[in-house]
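Now for the letters of each chain:
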Amino acid sequence: MRGEPIFFVISRFKIHQSNLIVFLFMNRLVFKILAVSGALLVPFVAKAQDTLRLTLDQALEIALSESNTIKIADMTVEKSGYARKGSYAALYPNVSINGSYQRTLQKQVMVMDMGGQAMEIKVGRDNNISTSATASMPLVNAQLWESLKLSGMDVELAVEQARSSKIAMVKQVKQAYYAVLLAQKSLDVVSDVYDNAQKNFEKTEQRFNVGKASEVERLRAQVTMMNAEPNVSSAANAVLLATWQLKAVMGIDLATNVKVVGELNEYTAELLTPFVSEDDLSNNSSLLQLDIQDRMLESTIRMQKKQYIPTLAASINYNYSAMGDEELRWFPSSTAALSLSIPIFDGFAKHYNIKQTKVNKNMLELQRIDAERNLRIAIRNYNDQMALCVKNYQAANATVAIAQKSYDISEKMYEVGKATLVELNDAQTALEQAQLTQAQAIYNFMVTKASLDELIGKEE
């Protein structure tokens, strides 16, 4: 059986001398195979030494630099900045140079009455060349100036959305990190259960060999040990899956060797700190984005109203042209102009656009009221959950101490034959459940706190 000393195996199966020689020869062969395999595995062991050991701070730092979500958010801010700079181009002179060449294939004929006799005259030249330079810029355009303020708000909204992405990323990394710690704690607990079951089976086997335990008791101990083994495998897979999830959230290659360091018990002090309810929504990213959108709609209304204001623009044009059949003659010309546009009637289009924007603004204000109300309900829910987690931890902490003492007593009594294996298994199950409940309480508290930090807009 697993973990059973060799001399028990030899005594149970009563290996004869010839069988013992074969047994020792096979062990020598196994040792040689293991030695060769060890030499082949040296490069892989060396590679395993490059495992990345992750603390929570390191995981957050990597995620904020490697995650595609954060990169996209930063690019969005950069794109909005370029759009804002591009909007200022309307304030500068718009300068352009144009050129054209025209070849006359058949000249136009004009008929004129000369002294009562019709005369045909061909008009135009074979070659026509023209170049011009034009510069224009707005002098008075209130709508344009307001649109520049709106572009600035676009950048402000993009920055706040990027901050929201970072806050959400911090929450996701924290929760994934805590999930790994919980999975590791579960693995430690079920591994201890398996080790105890294996140790109890060995003790029961010894007692059975000397006639102090029944066959039923030995089989029960064996079944308990075998039932505990699959739990270890399941817990190990849970650790692996939780680690993959953490790597995916961080934005690193899933093939990267990662070892998450730390324990859930390290956060006990934070859990037992005197609880203060968090209800400040001044930094909540969703509400801040709604506020920016409200100011953008207000600016849009002002911009639409300024469409009623006349606009004034200035332009300068310089033209240089030439015409001729064989010899070209060049003639310069230039103009300067002021252009005044006064809106009078457009079928009430501006009026209804303003009405529509005002309705959108009113809708947004109602949405903000509902959003704030729901956020405050969520804050209350998170605070209640965290308070409940503290109570569960305190209860589980006391239960662990009692369950550990009960198991230790049951183990001693079982060794001297004053307790049954069923009583020992019950004590072990109670201890396992208490330890897992304690770890679950810490995990639930930290996960809920991460969600609350996101809701109130904490960036740490």
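What you see is a predicted model; the values in this text were computed from it and never measured.

Draft legend 1. Fine view of the overall build of the chain. The number of helices and strands found in the chain is 11 helices and 8 strands. In the chain, which comprises 460 residues, the proportion classed as buried is 32%. Long-range pairs, those at least 24 residues apart, make up 81% of the contacts in the chain with a sequence separation of at least 6.

Draft legend 2. Structural detail: the nonpolar core. Core analysis: the biggest nonpolar cluster contains 49 residues, and Val173, Tyr177, Tyr178, Leu246, Met250 and Tyr267 have the highest contact counts within it. The set of elements that each furnish at least two residues to this core consists of α4 (56-66), α6 (142-209), α7 (215-250), β6 (258-260), α9 (285-305), α10 (349-415) and α11 (421-456). In this structure, Tyr194, Met225, Leu431 and Ala434 belong to the second largest nonpolar core, which totals 17 residues.

Draft legend 3. Looking closely at the packing of aromatic side chains. Applying the stated criterion across every chain, the model contains 5 aromatic pairs. Their ring planes at 85° and their centres at 5.5 Å tell us that Phe345 and Phe348 sit as a pair that is edge-to-face. For Phe345, a relative accessible area of 63% gives the class exposed. Relative accessible area serves as the criterion here: at 48%, Phe348 is assigned to the partly exposed category. An angle of 65° between the planes, with centres 6.5 Å apart, marks the rings of Phe348 and Tyr352 as edge-to-face. Here the basic side chain of Arg218 rests over the ring of Phe208, its NZ or CZ set 5.0 Å away from the ring centre.

Draft legend 4. Expanded view of the environment of Val95. With respect to the element layout, Val95 can be found in strand β2 (residues 94-103). In the structure, Val95 is positioned 40 residues away from Ala135 in sequence and 4.3 Å away in space, judged by C-alpha atoms. Residues within four places of Val95 in sequence aside, it is in contact with Thr134 and Ala135.

Draft legend 5. Representation of the side chain of Glu217 within the structure. Within the secondary structure layout, Glu217 lies in helix α7. Contacts of Glu217, omitting those with residues within four sequence positions, involve Thr204, Arg207, Tyr414 and Leu421.

Draft legend 6. Up close: the pairing of strand β8 (residues 329-341). Inspection of the sheet shows strand β7 (residues 311-324) paired to β8 by 13 bridges, in the antiparallel sense. Considered in β8, the bridge of Ile316 is made with Ala336. Hairpin remark: β7 followed by β8, antiparallel, with 4 residues in the connecting loop.

Draft legend 7. Up close: the sheet that holds β8. Spatially, β2-β5-β7-β8 is the arrangement adopted by the 4 strands of the open sheet, whose pairing is antiparallel. Lying at the two open borders of the sheet, with one neighbouring strand each, are β2 and β8. The sheet shows a mean angle of 15° between the axes of neighbouring strands, direction not considered.

Draft legend 8. Looking closely at the packing of α6 against α9. The geometry of α6 relative to α9 is characterised by a closest axis approach of 9 Å and an angle of 170° between their N-to-C directions. One way to sum up the angle between α6 and α9 is to call them roughly antiparallel. Its residues placed into classes, the contact of α6 with α9 shows 7 nonpolar, 9 polar and 8 charged.

Draft legend 9. Geometry of the environment of Ile409. With respect to the secondary-structure elements, Ile409 resides in helix α10. Sequence separation between Ile409 and Leu424 is 15 residues, and the spatial gap between their C-alpha atoms is 9.0 Å.

Draft legend 10. Just a nonpolar patch on the surface, in detail. A contiguous nonpolar surface patch, about 740 Å² in accessible area, is contributed by Tyr88, Leu91, Tyr92, Met137, Leu139, Val140, Trp145 and Leu338. Top contributing element to the nonpolar patch by residue count: strand β5 (residues 127-140), with 3 residues. Mapping Met137 onto the fold places it in strand β5. Among the residues examined, Met137 registers a relative accessible area of 30% and is labelled partly exposed.

Cut-offs used in this document
Residues numbered from 1 in each chain as written. Predicted model: local features only at pLDDT ≥ 70, side-chain atom pairs only at ≥ 80, totals over all residues. Heavy atoms only, no water. Helix = DSSP H or I, 4+ residues; strand = E, 2+ residues; numbered from the N terminus. Buried < 20%, exposed > 50% of the residue type's maximum accessible area, 1.4 Å probe, protein only. Contact = heavy atoms within 4.5 Å. Core = buried A, V, L, I, M, F, W, Y, C linked by side-chain atoms within 4.5 Å. Phe/Tyr/Trp six-rings, centres within 6.5 Å; stacked < 30°, edge-to-face > 60°. Lys NZ or Arg CZ within 6 Å of the ring centre and 35° of its normal. Pairing = 2+ DSSP bridges. Axes fitted to C-alpha atoms, helices over the stretch in contact; angles between N-to-C directions. Parallel < 35°, antiparallel > 145°, perpendicular 65-115°, else oblique. Nonpolar A, V, L, I, M, F, W, Y, C, P; charged D, E, K, R; others polar. Patch = residues over 30% accessible without salt bridge, like charges linked within 9 Å, V, L, I, M, F, W, Y side chains within 5 Å. Areas by Shrake-Rupley, 256 points an atom, 1.4 Å probe, with all protein chains shown as cover. Salt bridge = Lys/Arg side-chain N within 4 Å of Asp/Glu carboxyl O.

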